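Observations on the three-dimensional arrangement
Each chain, letter by letter, is given below.
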Amino acid sequence: NRSVAFTPAGDSYGACVRNVSGLPYPNEGFELSFPDEVPMRRRLQNDADNGYAAVPLNFSFSFYGASYSKMYVGTNGYITFGAGDTEKTDTVTNHFSKRRISVLFQDLGRLGVGIIRVAERDGGVVVVTWDETEYCCPSALNTFQAALREDGTIELAWTDVGVTKGAVGLSNGTWPGGTMEDFSALKVCCAPSAAPSGMPSPLPSAMPSPAPTGLPTAPLSPAPTAEPTKVPTEAPTETPTEPPTETPT
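Residues numbered from 1 in each chain as written. Predicted model: local features only at pLDDT ≥ 70, side-chain atom pairs only at ≥ 80, totals over all residues. Heavy atoms only, no water.

Here the focus is the confidence of the model for the chain. With 67% of its residues at a pLDDT of 70 or more, the chain shows a mean pLDDT of 74. Confidence scores differ between elements of the chain, with strand β15 (residues 230-231) showing the lowest mean pLDDT of 40 and strand β6 (residues 78-81) the highest of 97. Contacts for the low-pLDDT stretch residues 192-249, under 50 throughout, to residues beyond four places or in other chains number 161 contacts. (pLDDT = per-residue confidence, 0-100. Helix = DSSP H or I, 4+ residues; strand = E, 2+ residues; numbered from the N terminus. Contact = heavy atoms within 4.5 Å.)

What follows covers the pattern of salt bridges. The final tally for this structure, using the stated rule, is 5 salt bridges. Arg100 is the partner of Asp85 in a salt bridge, and the nearest nitrogen-oxygen pair spans 2.8 Å. Here Arg100 lies in strand β7 (residues 99-105) and Asp85 lies in the loop between β6 and α2 (92-95), a separation of 15 residues in the sequence. On the basis of relative accessible area, Asp85 is assigned to the buried category, the value being 10%. Judged by relative accessible area, which is 0%, Arg100 ranks as buried. (Salt bridge = Lys/Arg side-chain N within 4 Å of Asp/Glu carboxyl O. Buried < 20%, exposed > 50% of the residue type's maximum accessible area, 1.4 Å probe, protein only.)

So, about the nonpolar core. Membership of the largest hydrophobic core comes to 42 residues, with the highest contact counts inside it found for Phe63, Met71, Ile101 and Trp158. At 6 residues, the largest contribution of residues to this core is made by strand β4 (residues 52-63). (Core = buried A, V, L, I, M, F, W, Y, C linked by side-chain atoms within 4.5 Å.)

Regular strands have side chains that alternate between both faces of the sheet. Of all 11 residues that make up strand β10 (residues 125-135), 10 are buried, and the element is covered over most of its length. Looking at chain direction, strand β8 (residues 108-109) and β10 are connected through 2 bridges and run antiparallel. Across the sheet, residue Leu108 finds its bridge partner in β10, namely Tyr135. Here strand β9 (residues 115-121) pairs with β10 via 7 bridges, running antiparallel. Paired with Ile115 across the bridge in β10 is Asp131. (Pairing = 2+ DSSP bridges.)

Here you go:
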């Protein structure tokens, strides 16, 4: 079980990692419903695959220098800004096609199991939890969470990951560009301050040095231990080499 916290650092993000015993925030909130790209499937199963839901925010959230009052939560394990997305294939180009937080970008869904919840917490925090969302082919359940704070910090956490690969990281919506970093190379997050009774701990108040300037994150593959192993940084100022070829799953 692991959590990665990102904090704005100019045009980039600093990052740190910590082990967690469970989801940082309670798995609660209102359940999202999704229009489906395959109407017949929705009528038959009353569920969604490759869908997204628009969710208004109760504060202005800054992401790569732009402010947003709405986010789009996708069944395939990501949050986008500016527009929703139904993409299910975790390629580098798809990850960077929109301003996106890829919590665990894969071909996930709610076909018979899985719930996606959104909760507003005190202190300017909105939490999205993908609870036992199912991976297609072969079936595998996944539970993970994203917390967006009013100050622009982001925390991603994973407790149960059934897939063996997927995209994890931040995208400023531009391609080509990107880099990948090993989670094990990140500094450990500073111990957070004590939270009020009954409330989850806040994100650390002190972060390590910002990630290298100008490098956006690229999709990453969690390790076989079901923990993500890479972290994105930020967008480059020069034209990068050709993106790696990736076979869609």
